[in-house]
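Analysis of the macromolecular model
Given next are the chains, with one letter for each unit.
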Amino acid sequence: MLSIGLSTVRARWTHFVGVFLAVALGAGLTASMGLALAATLDAPRHLKAQDPDAVFTVNAMLATAATVTTFTSVFIVASTFAFAVAQRQREFGLLRAAGATPRQIRTVVVVEALLVGGVAALAGCLLGRLGGPELVAWMVDERLAPSWLTVGDQFWPYQLAFWSGLLVALIGALAASRRASRTSAVEVLRESDVDRRIMTGGRWAFGGLLLAVGVVLLVQKIAADPADLLKRKTYTTQPLLLIGAFALLAPVAVRPLAQLVAWLPSRLPGAVGMLARESASASLRRTAAVAAPVLVSVGLVGSLLGASGTVGAGRADEIRNRTTADYVITASGGRALPGKVTKAVRAVPGARSAISAPTTVEYLLEGVARVPNPGRVVDPASYAELARLPLVEGSVEKLDDRSIIVNEEWPAAAVGQRVDIWRKDGSKGRLTVAGVLRTGIGSDDVYVTAANAPGAAPDRIEVRLEPGADRAAVAAGLREAVRGTGATLAGTEQWIAASLPDTKRENRLAVTVVMGLVVLYTLIALAATMVMATSDRRRDLSVLRLTGATDGQVLRIMVVEAVTVVVTGAVLGALVSGVNVLGVWSAVSVLAGGAAPLSVPWGAMGLAAAACTLVAVSAAVLSAMAVVRRAAQTPQVV
């Protein structure tokens with residue numbers, strides 16, 4: 001079996017180019033991220049203590065990116081290997097006719113996976129050796145990582161990359177080997193490439209299981225813990241279940257979708273559109289294998305950007321609804337506002353101001369652990385004029401030095417109840433609940449007076465114009481008040497946009513890294529799969545040429561078919577994105593107490609689909625030209 005596997009890989013290398021590239025890229029990404037992660041884990045303690053936030057950001061970003069890319073590599077390799085096996089049905093039928101048992105067929109496929117996967121994993125380690133330092137240097141340049149971070153001489157990232165790459169190849173091969181072992185001897189007599197049964201029992205079961213788990217988890221989080229669904233780590237990894245389910249069940253929808261997408265080209269004069277439509281509809285395995293990377297790319301881009309955009313829009317809407325301010329003055333760099341700024345702002349004619357400071361208040365959860373809650377220190381009288389807090393009961397005016405405003409998650413969540421709290425300086429107090437807030441999306445949810453926040457320094461002033469005040473004069477006065485102090489004056493909308501966590505540069509770059517790595521991976525996998533699919537169609541293209549089709553017509557058929565398949569995958573990706581984004585939107589709406597804004601990244605999904613189209617068409621045309629040229633040089637009987 002080893003000799004057969006070696007001979008097959010040498011003779012039919014084009015069938016394995018997609019698997020090789022998918023495994024090599026997956027291992028390369030794993031090695032690169034492993035080297036970057038090792039640089040933070042093995043760094044001296046005194047260096048990590050200097051930049052704890054930066055180290056945490058790097059570790060969280062790399063862990064999320066590794067999870068997403070691992071899923072993508074497993075899925076793409078399994079899909080590509082399944083297609084490579086499906087291309088060789090007649091070959092396996094010939095082996096069965098020669099006396100090979102199903103077990104021997106499975107062994108051949110696994111041996112091929114070990115050979116291709118082993119070489120690809122080694123190539124991935126070499127890619128990681130080049131990519132790891134570049135990744136770390138990029139993170140340092142973009143201020144995502146501390147300046148002292150450098151790649152060391154750790155060896156475990158290469159081991160992890162090699163064995164994970166080999167394991168991914170084996171996982172893909174094991175799934176495909178079962179189909180190969182069921183090939184009968186009569187397959188050698190098949191003359192048609194029409195796929196009759198692509199949805200196996202295992203595919204139905206595993207796809208249905210992923211779909212059920214994904215939907216149940218989504219519904220369960222919306223009903224029981226919607227706030228968890230809004231965390232970046234959750235909405236980055238949660239879509240993987242539904243994307244995997246849609247990809248496994250895609251062949252069910254591929255035929256009708258492909259026929260719908262190609263309906264207009266098939267109505268145009270000539271047979272190009274009709275032939276492309278029928279080819280895409282008949283060869284479901286080829287269509288599903290090429291559409292799979294497109295589905296992952298568009299689905300992940302839509303899910304990530306749609307979820308983050310919806311969460312950001314919901315938080316912005318919540319902050320907007322909590323204030324009536326026209327201007328907001330903030331301190332820069334997390335520092336406190338100078339005392340002269342607060343005095344100068346109070347002195348501006350025609351302006352009402354509310355000064356607040358950040359603090360932390362802890363409460364005892366179930367008598368076991370103290371839980372910190374971010375909050376604001378406010379003056380009840382002035383803050384009540386400018387704030388519109390979503391109070392379930394109570395009021396801001398009732399807040400005093402012996403009371404607190406909490407949210408619904410606190411153990412004492414009813415007006416008049418007493419609750420033990422620990423102030424930021426560690427001192428303990430017992431306060432009365434003056435108001436209860438509806439649990440929000442991400443804003444401050446504890447309010448106290450200065451007496452319960454020793455040492456809290458103001459960092460924000462919200463300013464509203466008095467009725468009849470001259471806006472230009474007030475704005476000029478506020479600009480003069482902050483001039484030369486380092487404080488920032490902004491309109492309310494500008495302040496909201498700048499203060500949202502999802503608009504912060506580090507978070508945007510973290511999402512970009514995850515998305516960029518996956519899109520790059522899927523584009524290369526798409527090109528390799530398209531080359532595999534086209535290189536095996538010499539017989540089809542020869543038939544077209546014998547029936548009178550010119551080389552130009554053959555290439556146009558390939559272009560139309562490639563576009564049809566990409567659009568089919570993009571539609572499926574848009575559908576799975578819609579499900580994921582609607583889930584996040586539902587969670588935001590539950591927390592907001594009403595319909596929240598919905599963000600759908602049509603432009604980004606369109607760009608991802610356009611990139612996939614460009615790659616698929618280029619790969620199809622170039623490989624078809626090579627096939628047509630070989631067919632013209634060595635005509636064959638068809």
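Residues numbered from 1 in each chain as written. Predicted model: local features only at pLDDT ≥ 70, side-chain atom pairs only at ≥ 80, totals over all residues. Heavy atoms only, no water.

Examining helix 6 (residues 102-141)
Over its 40 residues, helix 6 runs 55 Å from end to end, which matches the ideal 58 Å to within 8%, given 1.5 Å per residue. Directly beyond the C-terminal end of helix 6, a positive phi value near 60 degrees is found at Arg143. (Helix = DSSP H or I, 4+ residues; strand = E, 2+ residues; numbered from the N terminus. Expected span 1.5 Å × (residues − 1).)

Re the pattern of salt bridges
All told, the structure shown has 14 salt bridges when counted by the stated rule. The partner of Arg471 in a salt bridge is Asp326, with the nearest N and O atoms 3.7 Å apart. You can see Arg471 sitting in helix 17 (residues 471-482) and its partner Asp326 sitting in the loop between helix 14 (284-321) and strand 1 (327-330), a full 145 residues away along the chain. Arg471 gets classed as partly exposed once you look at its relative accessible area, which sits at 45%. In this structure Asp326 comes out as partly exposed when scored by relative accessible area, which is 23%. Each of Lys221, Asp228 and Lys231 takes part in one network of salt bridges that share partners. (Salt bridge = Lys/Arg side-chain N within 4 Å of Asp/Glu carboxyl O. Buried < 20%, exposed > 50% of the residue type's maximum accessible area, 1.4 Å probe, protein only.)

Topic: the confidence of the model for the protein
Of the residues in the protein, 91% reach a pLDDT of 70 or more, and the chain-wide mean stands at 84. Strand 8 (residues 447-448) holds the highest mean pLDDT among the elements of the protein, 95, whereas helix 1 (residues 2-11) holds the lowest, 63. (pLDDT = per-residue confidence, 0-100.)

Remarks on the environment of Thr613
Considering the arrangement of structural elements, one finds Thr613 in helix 22 (residues 602-633). Residues Thr613 and Ala510, spaced 103 residues apart in sequence, show a C-alpha to C-alpha distance of 26 Å. Filtering out sequence-adjacent residues up to four positions away, Thr613 remains in contact with Val563 and Val566. (Contact = heavy atoms within 4.5 Å.)

Describing the packing of aromatic side chains
By the definition in use, this model includes four aromatic pairs. Judged by centre distance (4.4 Å) and plane angle (40 degrees), the rings of Tyr363 and Trp410 are tilted. With Tyr363 in strand 2 (residues 351-365) and Trp410 in the loop between strand 5 (403-407) and strand 6 (418-422), this pair connects stretches of sequence that are 47 residues apart. Here Tyr363 matches Trp410 in class, with each residue buried. Centroid distance Tyr383 to Tyr447: 5.8 Å. Interplanar angle 40 degrees. Geometry classified as tilted. Of this pair, Tyr383 sits in helix 16 (residues 380-386) while Tyr447 sits in strand 8, and the two are 64 residues apart along the sequence. A relative accessible area of 3% means that Tyr447 is categorised as buried. (Phe/Tyr/Trp six-rings, centres within 6.5 Å; stacked < 30°, edge-to-face > 60°.)

Some words on the nonpolar core
Counting 106 residues, the largest nonpolar core has Phe81, Met139, Leu230 and Val584 as its most contacted members. In this structure Phe81 touches Val19, Val109, Ala113, Ala169, Gly172, Ala173 and Ala176, once residues within four positions along its chain are discounted. Formed by 18 residues, the second largest nonpolar core is a distinct cluster that contains Tyr327, Val348, Ile461 and Val474. (Core = buried A, V, L, I, M, F, W, Y, C linked by side-chain atoms within 4.5 Å.)

Brief notes about the pairing of strand 3 (residues 369-378)
Within a regular beta strand, the side chains point alternately toward one face of the sheet and then the other, so they alternate between its two faces. Strand direction decides the pairing type here: strand 2 and strand 3, joined by ten bridges, are antiparallel. Looking at the pairing, Glu362 lines up with Pro372 of strand 3. What sits between the antiparallel neighbours strand 2 and strand 3 is a turn of three residues, in which Glu366 has the positive phi angle 55 degrees. One ladder, built from two bridges, connects strand 3 with strand 8; its direction is parallel. Considered in strand 8, the bridge of Val377 is made with Val448. (Pairing = 2+ DSSP bridges.)

With respect to the packing of helix 2 (residues 17-41) against helix 6
The geometry of a pair of packed helices is captured by two quantities: the angle between their axes and the separation between those axes. With their axes 6 Å apart at the nearest point, helix 2 and helix 6 run at an angle of 40 degrees to one another. As judged from the angle between their axes, helix 2 and helix 6 are oblique. In the crossing of helix 2 with helix 6, the sense of the turn from one axis to the other is right-handed. In terms of residue class, the contact of helix 2 with helix 6 is built from 18 nonpolar, seven polar and one charged. (Axes fitted to C-alpha atoms, helices over the stretch in contact; angles between N-to-C directions. Parallel < 35°, antiparallel > 145°, perpendicular 65-115°, else oblique. Left-handed = near helix turned anticlockwise from the far one by under 90°. Nonpolar A, V, L, I, M, F, W, Y, C, P; charged D, E, K, R; others polar.)

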